[in-house]
Structures are given as C-alpha cells and as structure tokens.
Amino acid sequence: FDVTAAKLKGFESKGMVLCASNEDHTKVELVEPPKSAVPGTRISLADLDVTKFKPDERVNPKKKKNVWLDFGPKLRTNGKKVACFDGVPLVVPEGECTVPTLDNCVVR
C-alpha cells in the first residue's frame, strides 16, 4: 500500500521507514533489506507472492480505521534480528530485512 504524502524536514515524502526499538525506546535501528536490494523494491512476507495482491491506494495513519492499528502490533524482530510479521520474515527477492543488533523487539 501507499502512505499519504507528508512533509519531512521540508521535503515531501511518499515512503515509509520501518524501525525496531528496544522497550524503553532508547535505542532505535532502521529495518534494512540486503545491500543488493534495489531501492523501491516491494517488501513481502516469506513464501507469499505479493504480485497477487493489490495494495490499498492510501493509508492515513491519523484515521481511526487503518491497517496499522490491527497489524502494527504484530511487527517484531525475531531472535536472529529479522523483521517479522506475526513470526513470518519480511523479505525482498534478495533476502530478509534485518536490523543490526535489536532482537525480539517491536518494529514500527
């Protein structure tokens, strides 16, 4: 899905960044695809062909009914520092999306 465009530091952003953080949010790390991944590559769940799904046109995080309210709490890193949704790794064709050091932490 696409997110509603927003101004970040004076520039329009149409993207989304996922980060893992420890419980007290004193440490935050970007979730990153493998270095060989092409920018703009769609992230999927392992063993799921996302080409069969049509993404929502827009997601407005300020609305009371948006997918993040239901699905956001299911995003976490596992013991191998791989970002997962409900235990299933987030992947691109080149491999899994990971964080450097935060295992078993929330992803937002």
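Residues numbered from 1 in each chain as written. Predicted model: local features only at pLDDT ≥ 70, side-chain atom pairs only at ≥ 80, totals over all residues. Heavy atoms only, no water.

> Can you explain the pattern of salt bridges? Please cite residues and give values.
All chains considered together, the criterion is met by one salt bridge. A salt bridge links Lys 27 to Glu 29; the nearest nitrogen and oxygen atoms lie 3.7 Å apart. Overall, the relative accessible area of 9% leaves Glu 29 in the buried class. (Salt bridge = Lys/Arg side-chain N within 4 Å of Asp/Glu carboxyl O. Buried < 20%, exposed > 50% of the residue type's maximum accessible area, 1.4 Å probe, protein only.)

> Could you give an account of the side chain of Asn 22, naming the residues involved and the relevant values?
Checked against the element boundaries, Asn 22 lands in the loop between strand S3 (19–21) and strand S4 (28–30). Among the polar contacts made by the side chain of Asn 22, one reaches the side chain of Asp 24 at a distance of 3.2 Å. For Asn 22, the side chain forms a polar contact with the main-chain nitrogen of Lys 27, separated by 3.1 Å. In this view, Asn 22 contacts Lys 27, Leu 102 and Cys 105; residues no more than four positions away in its chain are not counted. (Helix = DSSP H or I, 4+ residues; strand = E, 2+ residues; numbered from the N terminus. Polar contact = N/O pair within 3.5 Å; in protein donor to acceptor, adjacent residues only side chain to side chain. Contact = heavy atoms within 4.5 Å.)

> Give a detailed account of unusual backbone geometry, specifying residues and quantitative values.
For His 25, which is not a glycine, the phi torsion comes out positive at approximately 60 degrees. Residue placement: His 25 occurs in the loop between S3 and S4. Phi at Asp 47 is positive, roughly 65 degrees, even though this residue is not glycine. Its location among the elements puts Asp 47 in the loop between strand S5 (44–45) and helix H1 (67–71). The exposed category is assigned to Asp 47, whose relative accessible area is 85%.

> Could you give me a rundown of the side chain of Glu 29, with the residues and numbers involved?
Secondary-structure assignment places Glu 29 in strand S4. A distance of 3.2 Å separates a polar side-chain atom of Glu 29 from the backbone nitrogen of Leu 102. Excluding residues that lie within four positions of it along the chain, Glu 29 makes contacts with Leu 18, Cys 19, Ala 20, Val 99, Pro 100, Thr 101 and Leu 102.

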